[in-house]
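Here are the chains, one letter per residue:
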Amino acid sequence: MKNTLLISNVTIVNHHEVFIGDVFIENGRVNKISRDLSVKAEHYINGKDKNWFLLPGYIDMHIHGSAGHDVMDATQLALHQMARSLVQEGVTGFLATTMTQSIEAIESALMNVAQFENNDDEASLLGIHVEGPYVSKKRAGAQPIEYIILPSTKQFASWQNMSKQRIKQVTIAPEVEGGFTFIESLKDLNVIASIGHSDATVEEVDRAVTLGIKQATHLYNQMRPFHHRNPGVVGAVLLEDQVKTEIIADFVHSHPQAVRLAYRLKGAEGIILITDAMRAKGLHYGDYDLGGQTVHVSKDGAHLSNGALAGSVLTMEQAVKNMKAITNCSLQEIVAMSSTNAAKQLQLSTKGHIAEGYDADFVLLDENLNVQKTICRGKVVFEK
Ligand SMILES: [Zn+2]
């Protein structure tokens, strides 16, 4: 009875199936799924007459901050506040994302995550996404150029130790000196090599893919764009089936038609919705700090004083709504793009899917895709 939850009369949506049923959860895991389960539980959620959809919880692989805090603050408070705030948008897991800063600043952020342990009312911190400093100065965007350095397998190995092996993804420009060797070295470390902030040619991307690139960081943004005689990183990523791509579907970082184009070419299986959010997410418009730079946040997004886009204030809830609105994709495809693909990339064998034995990380949506409840490890952590 203790630590049990019965969710009944909901439409369960997985990447390859949709069915009406009940889910019985015990100690944070799905114990049984069936129609008309008659078991006693400590807590109940009944979706009768509500038209609710139960999806695997959203996983955001690229998020720097929210609720006034940033991973680079390198405090336990910042990580807890982020993890606590993200459940409001249906997120049950995320990669704490660092950015290009001094080596000391990056290392203190890594060591801070190494010590982190989730409270039970928070989204799970699934690991670290290291975005920069191994990127191209030509495609820096909001990554401060003065801190961009060449990739070093030795340095990265020491970072992985400092983080207690919690680095799961690194954004890298393959074409910089040492880039290809670096990508090869990631295979043994079980870290996702993601091409981003890169000025590579299509030929360089193809070579990088054979060496181990599995993902692309925020498609279209800060990568060599498509030209018909020089298809660039964008052209290569759109065509390369082995590469899944992150996309910021806020319609600021990419035009709605560019989002449609990505969906058309990559399919739901090839797309990972992310937010790339910074600390102003969930707060009022105004000026905020991003890696020592002032970012102005308004209805038009988050920009540096030179006009460059500097992260977003997007929520996963809104990203899902935007994706559905512009592509008219199915809810099963939404599941792939918001959870299953990320879980697969991260090799999380008990997440991204609703089935017996899996972690009870769910988002409960109404028919307009509003988050009604978020359930982390079997516990309701957010209710609208
Ligand atoms: Zn970012």
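Residues numbered from 1 in each chain as written. Predicted model: local features only at pLDDT ≥ 70, side-chain atom pairs only at ≥ 80, totals over all residues.

Peer 1: I'm lost on the sheet that holds strand E18 (residues 301-303) in this one. Help?
Peer 2: Working definition: the strands of a sheet are paired by backbone hydrogen bonds and lie parallel or antiparallel to each other. Spatial strand order, E16-E17-E18: 3 strands in an open sheet with antiparallel pairing. Each edge of the open sheet carries a strand with a single partner, namely strand E16 (286-290) and E18. Between one strand axis and the next, the sheet turns through 30° on average, direction left out of account. Two strands pair when backbone bridges link them, and strand E17 (residues 293-298) and E18 are joined in this way by 3 bridges, in the antiparallel orientation. Each bridged residue has a counterpart across the sheet, and for His296 the counterpart in E18 is His303. (Pairing = 2+ DSSP bridges. Helix = DSSP H or I, 4+ residues; strand = E, 2+ residues; numbered from the N terminus. Axes fitted to C-alpha atoms, helices over the stretch in contact; angles between N-to-C directions.)

Peer 1: How should helix H1 (residues 76-86) be read in this particular structure?
Peer 2: Helical periodicity: at 3.6 residues per turn, an α-helix aligns residues three or four positions apart in one direction. Turning to H1, its buried residues number three or more, namely Ala78, Leu79, Met82, Ala83, Ser85 and Leu86. Projected down its long axis, H1 shows its buried positions confined to an angular sector of 170°, all on one face. Buried residues along H1 sit against strand E7 (65-66), strand E8 (69-70), strand E9 (91-98), helix H2 (103-114) and strand E10 (124-131). (Buried ≥ 20, exposed ≤ 12 C-beta atoms within 10 Å, placed from the backbone. Arc of directions from axis to C-beta. Contact = placed C-beta atoms within 7 Å.)

Peer 1: What is the right way to read the packing of helix H8 (residues 316-327) against helix H9 (residues 331-345) from this model?
Peer 2: Helix packing for two helices is described by the angle between their axes and how far apart those axes are. Taken N-terminus to C-terminus, the directions of H8 and H9 make an angle of 145°; their axes are 11 Å apart at the nearest point. H8 and H9 meet at a crossing whose hand is right-handed. Contacts between H8 and H9 involve Met316, Val320, Met323 and Lys324 from the first element and Ile334, Met337 and Ser338 from the second. Looking at the contact of H8 with H9 residue by residue, the class counts come to 5 nonpolar, 1 polar and 1 charged. (Left-handed = near helix turned anticlockwise from the far one by under 90°. Nonpolar A, V, L, I, M, F, W, Y, C, P; charged D, E, K, R; others polar.)

Peer 1: Whenever I open this one, the environment of Leu365 confuses me. Can you help?
Peer 2: Summarising the element assignment, Leu365 is placed in strand E19 (residues 362-365). A tally of 25 C-beta atoms within 10 Å means that Leu365 is categorised as buried. Remark: the alpha-carbon pair of Leu365 and Trp52, spanning 313 residues in sequence, is separated by 5.6 Å. Discounting residues that sit within four places of it in the chain, Leu365 has contacts with Trp52, Phe53, Leu55, Asn370, Val371 and Gln372.

Peer 1: How should the sheet that holds strand E15 (residues 271-274) be read in this particular structure?
Peer 2: The strand order E6-E9-E10-E11-E12-E13-E14-E15 describes an open sheet built from 8 strands, whose pairing is parallel. Each edge of the open sheet is held by one strand with a lone partner, namely strand E6 (58-63) and E15. Pairwise comparison of adjacent strand axes, ignoring direction, gives a mean angle of 25° for this sheet. Relative to E10, E9 runs parallel, the two sharing 6 bridges. Looking across to E10, one finds that Gly93 is bridged to Ser124. Across the face of the sheet, helix H4 (residues 179-186) comes into contact with strand E11 (167-172), strand E12 (192-195) and strand E13 (213-216) while running at roughly 160° to E11. H8 contacts E6, E9 and E15 of the sheet and is inclined by roughly 135° relative to E15.

Peer 1: Whenever I open this one, the pairing of E6 confuses me. Can you help?
Peer 2: The side chains of a regular strand alternate between the sheet's two faces. Counting buried residues in E6 gives 6 out of 6 residues, a clear majority hidden from the surface. For E6 and E9, the ladder comprises 4 bridges, and the chain directions are parallel. Looking across to E9, one finds that Tyr58 is bridged to Val91.

Peer 1: I'm lost on the environment of Gly232 in this one. Help?
Peer 2: Along the chain, the position of Gly232 falls in helix H6 (residues 232-239). Under the C-beta neighbour-count criterion, Gly232 is labelled partly exposed, with 19 such atoms within 10 Å. Each C-alpha atom of the pair Gly232 and Ala200 lies 6.4 Å from the other, and the pair is 32 residues apart in sequence.

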